[in-house]
Amino acid sequence: MSYAAMLSALLTMGLTVHLVQRGMHRLSRCALPECGNAFADTTRNGRQRYCSPACANRDAVRRHRSRHRAPASEVG
Ligand SMILES: [Zn+2]
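Residues numbered from 1 in each chain as written. Predicted model: local features only at pLDDT ≥ 70, side-chain atom pairs only at ≥ 80, totals over all residues.

Quick look at the overall build of the protein
Of the regular secondary structure elements, the protein holds 2 helices and 2 strands. The order of helices and strands in the protein, counted from the N terminus, is α-β-β-α. Out of the 76 residues in the protein, the part that is buried amounts to 3%. Sequence-distant contacts, at least 24 apart, represent 12% of the contacts inside the protein between residues at least 6 apart. (Helix = DSSP H or I, 4+ residues; strand = E, 2+ residues; numbered from the N terminus. Buried ≥ 20, exposed ≤ 12 C-beta atoms within 10 Å, placed from the backbone. Contact = placed C-beta atoms within 7 Å.)

Some points on the environment of N57
Examined against the element boundaries, N57 turns out to sit in helix α2 (residues 53-69). C-alpha of N57 to C-alpha of L32: the two residues are 25 residues apart in sequence and 9.9 Å apart in space.

Notes on the environment of A38
Its place among the elements puts A38 in strand β2 (residues 38-41). Of the residues examined, A38 has 9 C-beta atoms within 10 Å and is grouped as exposed. Separated by 10 residues in the primary sequence, A38 and S28 place their C-alpha atoms 5.6 Å from one another. Residues within four places of A38 in sequence aside, it is in contact with L27 and R29.

So this is what it looks like as structure tokens:
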């Protein structure tokens with residue numbers, strides 16, 4: 001590989017890293033199992049867990065129900 005080609009490859013790699021870090025944000029996966037959509041987490045603190053408010057709502061409803069229906073065997 002020539003020096004110019006190596007330099008070009010390094011620059012391309014650096015540019016890619018730059019784009020990934022600055023432009024694409026974090027890629028996450030929806031926390032709702034039956035959804036599993038990949039989404040770009042655009043929140044500053046990176047705490048977005050669902051691809052949409054609808055998924056967040058569905059999971060909240062399910063957690064609420066499972067809390068009421070869960071058997072007491074896990075207590076203790
Ligand atoms: Zn989702």
